[in-house]
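One letter stands for each residue in the lines below.
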Amino acid sequence: GNATTLGPLEESIADLTFTATPSAPDEVEGTLRIAAAEGAVLNLPVSLTIRSQESLLVNDSGRLSRGMVPGEQTFVSVEIRNDGSASTGPIRLSLPPVDWFTSATASPPPPLAPGESTTLTLALCPPADLPLQIYNGTFLLIGNDNQLSIPFTFRALSDATGDLTVRCEDEF
């Protein structure tokens, strides 16, 4: 290895590089031996976890919840990030089979390098006759080596207004 000479009470940072072969086990245990010219020896136990380089799509916002008025367009956005160690490659968006739920973002979304994020915007265009109720489901973002399932709750709401007359009588 490379020897570094240090004076009394001096410190140094050592950069270590480990390269795993395709047949390497998932966990490796070993000992890092540090020796001084004067004879002092320090044995440090080392535990390594070996992971293949892959992407990891994440969404910190959890479930998407939004109200929507039938007959009107509503937009909802979600931020996704690649927390993995490799590019996602092309990302495919898999939406539920309803014609009123579409992507308003360039399709497909761009590949994400490790640490990169992007915001996807979805368009909700429910028809005017959509029943007023809650619509639950999930949609998928599919990369080269993983997928992310994002749950949603969309509530069809009415924006109708009306008149209300209140009569109060004092019967005492």
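Structure's up top.
Residues numbered from 1 in each chain as written. Predicted model: local features only at pLDDT ≥ 70, side-chain atom pairs only at ≥ 80, totals over all residues. Heavy atoms only, no water.

1. Thoughts on the pattern of salt bridges
In a structure, side chains of opposite charge can pair up when their charged atoms sit close to one another. Overall, the coordinates contain two salt bridges when judged by the stated rule. Here Asp 60 ties to Arg 81 by a salt bridge, and the two come within 2.6 Å at their closest N and O atoms. Placement of Asp 60 in the loop between strand 3 (57-58) and strand 4 (64-68) and of Arg 81 in strand 5 (residues 74-82) is noted, with a sequence separation of 21 residues between them. Classification of Asp 60 by relative accessible area gives exposed; the value is 61%. A salt bridge links Asp 83 to Arg 81, with the nearest nitrogen and oxygen atoms 2.7 Å apart. The class for Asp 83 is partly exposed, based on a relative accessible area of 40%. Relative accessible area serves as the criterion here: at 22%, Arg 81 is assigned to the partly exposed category. (Salt bridge = Lys/Arg side-chain N within 4 Å of Asp/Glu carboxyl O. Helix = DSSP H or I, 4+ residues; strand = E, 2+ residues; numbered from the N terminus. Buried < 20%, exposed > 50% of the residue type's maximum accessible area, 1.4 Å probe, protein only.)

2. Topic: the nonpolar core
In terms of nonpolar packing, the biggest core is built from 23 residues, with Leu 64, Ile 80, Phe 139, Leu 141 and Phe 154 touching the most fellow members. Listed by contribution, the elements that provide at least two residues to this core are strand 4, strand 5, strand 8 (117-124), strand 9 (134-142) and strand 10 (147-156). No other element matches strand 10, which puts five residues into this core. Residue contacts for Leu 141: discarding those within four places in its chain leaves Leu 57, Ile 80, Ile 91, Arg 92, Leu 93, Leu 120, Asn 146, Gln 147, Leu 148 and Ile 150. (Core = buried A, V, L, I, M, F, W, Y, C linked by side-chain atoms within 4.5 Å. Contact = heavy atoms within 4.5 Å.)

3. Concerning the sheet that holds strand 6 (residues 92-94)
Across the sheet, which stays open at both edges, the four strands sit in the order 4-10-9-6 with mixed pairing between neighbours. The outermost strands of the open sheet, each flanked by one partner alone, are strand 4 and strand 6. In this sheet, neighbouring strand axes are inclined to one another by 25° on average, regardless of whether the strands run parallel or antiparallel. In this structure, strand 6 lies alongside strand 9, joined through three bridges in antiparallel fashion. Paired with Ser 94 across the two strands is Leu 140, which belongs to strand 9. (Pairing = 2+ DSSP bridges. Axes fitted to C-alpha atoms, helices over the stretch in contact; angles between N-to-C directions.)

4. Observations regarding the side chain of Ser 55
The residue Ser 55 is located in the loop between strand 2 (41-49) and strand 3 in this model. The exposure class of Ser 55 is buried, given its relative accessible area of 3%. In this structure the side chain of Ser 55 is engaged in a polar contact, spanning 2.4 Å, whose partner is the side chain of Asp 145. Apart from residues no more than four positions distant in its own chain, Ser 55 is found in contact with Asn 82, Gly 84, Ala 86, Ser 87, Thr 88, Asp 145 and Asn 146. (Polar contact = N/O pair within 3.5 Å; in protein donor to acceptor, adjacent residues only side chain to side chain.)

5. So, the environment of Leu 9
Along the chain, Leu 9 falls in the segment before strand 1 (27-35). In this structure Leu 9 comes out as exposed when scored by relative accessible area, which is 87%. Taking the C-alpha atoms as reference points, Leu 9 and Phe 152, separated by 143 residues in sequence, lie 58 Å from one another.

6. Some points on the side chain of Asn 82
By secondary structure assignment, the location of Asn 82 is in strand 5. The exposure class assigned to Asn 82 is buried, which follows from its relative accessible area of 0%. A distance of 3.1 Å separates the side chain of Asn 82 from the backbone nitrogen of Leu 56, its partner in a polar contact. Discounting chain neighbours no more than four positions away, the residues touching Asn 82 are Ser 55, Leu 56, Ser 87, Thr 88, Leu 112, Ala 113, Pro 114, Gly 115 and Glu 116.

7. So, the pairing of strand 9
Both strand 9 and strand 10 contribute to a ladder of nine bridges, which runs antiparallel. Residue pairing in the sheet places Leu 140 in a bridge with Ser 149 of strand 10. With antiparallel pairing between neighbouring strands as the criterion, strand 9 and strand 10 make up a hairpin whose turn holds four residues.

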